[in-house]
Amino acid sequence: MSAWTFLIVAVIKIAVTLGVLLTVVAYTVWLERKVVGHIQNRWGPQRVGPFGLLQPLADGIKFLLKEDLTPPYVEKHLYLLAPALALIMALTSIALVPIGPIVHLFGISTPVQITGVIDATGQSSDINVGLLIILGITSLGVYGIALAGWSSNSKYSLLGSLRASAQMMSYEVSLGLSLVGVLILSGTLSLGGIVKGQLGTWFGVIPQWYIFRWQFVAFFIYMMSAFAETNRIPFDLPEAETELVAGYHTEYSAMKFAMFFMAEYANMVTVACLASVMFLGGWSGPPMPFLPAVVQAFLPLVWFSSKIFFFLFLYIWIRGTLPRFRYDQLMAFGWKFLFPLALANVVITAFFVAWRA
Amino acid sequence: MHQFLFLLFGAFCVGGAINLLLQKKTINSALSLIVVMGSLALIYLLLGAEFVAVVQVIIYAGAIMVLYVFVIMLLNAGDEEVVKGSNVAKIFGIPGLFAGGIIGIWVLLQHRPAEKLLPIGAMYGPADKVGELLFTKYLLAFEVTSILVLIAIMGAVVLTRRSRV
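Residues numbered from 1 in each chain as written. Chains lettered and ligands numbered in written order. Predicted model: local features only at pLDDT ≥ 70, side-chain atom pairs only at ≥ 80, totals over all residues. Heavy atoms only, no water.

Here we take up the packing of helix 2 (residues 26–46) of chain B against helix 3 (residues 50–75) of chain B. Each pair of packed helices gets described by two things: the angle between the helix axes and the distance between those axes. Residue and element names in this part refer to chain B. Relative to each other, helix 2 and helix 3 sit at 175 degrees, their axes nearing to 8 Å. By the angle between their axes, helix 2 is roughly antiparallel relative to helix 3. For the pair helix 2 and helix 3, the contacting residues are Thr26, Ile27, Ala30, Leu33, Ile34, Met37, Leu40, Ala41, Tyr44 and Leu45 in the first and Glu50, Val52, Ala53, Gln56, Val57, Tyr60, Ala61, Met65, Tyr68, Val69, Ile72 and Met73 in the second. Tallied by class, the residues present in the contact of helix 2 with helix 3 amount to 19 nonpolar, two polar and one charged. (Axes fitted to C-alpha atoms, helices over the stretch in contact; angles between N-to-C directions. Helix = DSSP H or I, 4+ residues; strand = E, 2+ residues; numbered from the N terminus. Parallel < 35°, antiparallel > 145°, perpendicular 65-115°, else oblique. Contact = heavy atoms within 4.5 Å. Nonpolar A, V, L, I, M, F, W, Y, C, P; charged D, E, K, R; others polar.)

In structure tokens, the structure reads:
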């Protein structure tokens, strides 16, 4: 592959992934309003287009056309930097996620992953420390929220962002530790490699995903920490509207508010991608040899997107079901329950692997 | 290319460090420190140490500096006072800095490895190699550090614990 082809392929992959991600983000908002509406015995959006399907578009136009207000007494530079930082960090991490296996299109073969390439042996390969890079990027995403609250010069924003930083720092620990069990089993930090370790089935039926290899405790720890990391109910204290108006983005309006909004939903998608890559085998799924070859080529993408859809639906479902934690309950749950449990999972998995070796 | 990137990130690093000292607002200094940490990580990456580079971002930029920013926000620290600085520092500091720098560069040049620059993208420090070294060659240092961290954690617990008398 020449340098130019490589560049063009990379640009196409980035454009397509970004477009799909932003569409998914927009329609997750629609889905959320619709599903929560039905949970609460309402219709949800239904006026704009059939089933309200054009609602995200209308919302986007509204955000763009509203007056872009900068309140007085804000710390101007940081106030403008914060939403950009939050959105950039939320959109960047998708680059490392392996979305599908190698595809062959127009005589060019490349893995469906922005950072993925084909190495000398014809196998797909990606960054050796891909998982750590995702964790690093998400940990930098805290700055967007922290700076937003501080620079707004408002007590609600400051309280919201203090809560957000404390919460995200605390739950990052158990989130990281819950992934260590999978890393011990897979022996690699490359996300593509982790997916490759989960191909194949037992008895031709049960897929060899890490959640079925005794990592289900880790999976639940991961999911709970991920909910806290993305500031979603029941962990949405940074923007608890009953106490803090809107938390860290109280002083933001129009497109700057929309950037925080998009960052939150993009983070949800990333967390769902990581969960399906680490625990549910990424794009792998049960083989379906009876389907025609053209459909077979699309199967990995179908598996991956249905897993993502499952997680996004779970987010919305839980939002419609559970109340919010109290702040001390949140901290106690994170440090006194999830953290020891994640540590125990690491120790037990390590003993298990050592005993088998 | 390698040299250009090194100079670029080195300039970012030094610029961030100088900005850290010059800023009057504490939070701006903390943010400059993040720039320094980030550019250091990129320099590690140029040296082929991918694992160390990412860990630098996660630990320093992602955890420790978040804590700094958190504390600055919590205390709502105001502007720093600007002092004129002592004359002793002016007389001895600047020549001392130059002398120290020259000695440091001279020592580094004496111990310069014979190898040439790494090609960009060559990674000599993968995670498994680092882990193997930590648990074999540098096991003692690693365990001693872990005890040090444990003592620090115990200190934090003792300091924050409310007395029950």
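All names here are of chain A. Structurally, the position occupied by Leu21 is in helix 1 (residues 3–39). It is 7.3 Å that separates the C-alpha atoms of Leu21 and Ala266, two residues lying 245 residues apart in sequence. If we ignore the near neighbours within four places in the chain, the residues touching Leu21 are Leu91, Ile94 and Val269.

Turning to the interface of chain B and chain A, a few remarks are in order. At the junction of the two partners, chain B supplies 22 residues and chain A supplies 23 residues. Each partner contributes to the roughly 1,900 Å² buried at the junction of chain B and chain A, and carbon and sulfur atoms together form 80% of this total. Three residues, B:Val66, B:Phe70 and B:Met73, lead the burial of chain B against chain A; their summed loss comes to 28% of the area buried on that side. Counting the contacts that link chain B with chain A gives zero salt bridges. Run the count over chain B and chain A and you get three residue pairs in polar contact (both at pLDDT 80 or more). Every element with two or more residues in the side of chain B that touches chain A is listed here: helix 2 and helix 3 of chain B. Element by element, the count of residues in the side of chain B that touches chain A is highest for helix 3 of chain B, at 15 residues. (Buried area = accessible area lost by both parts, 1.4 Å probe. Salt bridge = Lys/Arg side-chain N within 4 Å of Asp/Glu carboxyl O. Polar contact = N/O pair within 3.5 Å; in protein donor to acceptor, adjacent residues only side chain to side chain.)

All right, on to the pairing of strand 2 (residues 108–112) of chain A then. All names here are of chain A. Here strand 1 (residues 100–105) pairs with strand 2 via five bridges, running antiparallel. In the strand pairing of strand 2, Leu105 is matched with Ile108. Count of turn residues in the strand 1/strand 2 antiparallel hairpin: two residues, of which Phe106 carries a positive phi of about 55 degrees. (Pairing = 2+ DSSP bridges.)

Below, the discussion takes up the pattern of salt bridges. All names here are of chain A. This structure, assessed with the given rule, holds seven salt bridges over all chains. Put simply, Asp59 and Arg33 hold a salt bridge, and the shortest N to O gap is 3.3 Å. Remark: Arg33 occurs in helix 1 and Asp59 occurs in helix 2 (residues 55–65); sequence separation between them is 26 residues. Since its relative accessible area comes to 37%, Arg33 is described here as partly exposed. Between Arg326 and Asp328 there is a salt bridge, and its shortest N-O distance comes to 2.9 Å. The network of salt bridges with common partners includes Glu32, Arg232, Glu264 and Arg319. (Buried < 20%, exposed > 50% of the residue type's maximum accessible area, 1.4 Å probe, protein only.)

Residue and element names in this part refer to chain A. On the secondary structure map, Thr230 appears in the loop between helix 7 (216–229) and helix 8 (241–244). Within polar-contact distance, the side chain of Thr230 engages the backbone oxygen of Ala226 at 2.8 Å. When sequence neighbours within four positions are dropped, the list of residues in contact with Thr230 reads Glu264, Asn267, Met268, Val271 and Tyr315.

Looking now at a nonpolar patch on the surface. Residues and elements named next belong to chain A. Together, Tyr27, Phe51, Leu53, Leu54, Leu57, Ile61, Leu64, Leu65 and Met255 make up an exposed nonpolar region whose accessible area comes to about 900 Å². The element best represented in the nonpolar patch is helix 2, accounting for four residues. Take Ile61: it is sitting in helix 2. (Patch = residues over 30% accessible without salt bridge, like charges linked within 9 Å, V, L, I, M, F, W, Y side chains within 5 Å. Areas by Shrake-Rupley, 256 points an atom, 1.4 Å probe, with all protein chains shown as cover.)

A separate point is unusual backbone geometry. Most peptide bonds take the trans form, and the phi angle of most residues other than glycine is negative. All names here are of chain A. Backbone geometry at Tyr73 places phi at a positive 70 degrees, although glycine is not the residue there. Relative to the elements of secondary structure, Tyr73 occurs in the loop between helix 2 and helix 3 (76–92). For Tyr73, a relative accessible area of 70% translates into the label exposed. Positive phi is not limited to glycine here, since Ala254 has a value of about 50 degrees. Residue classification places Ala254 among the buried residues on the basis of a relative accessible area of 6%.

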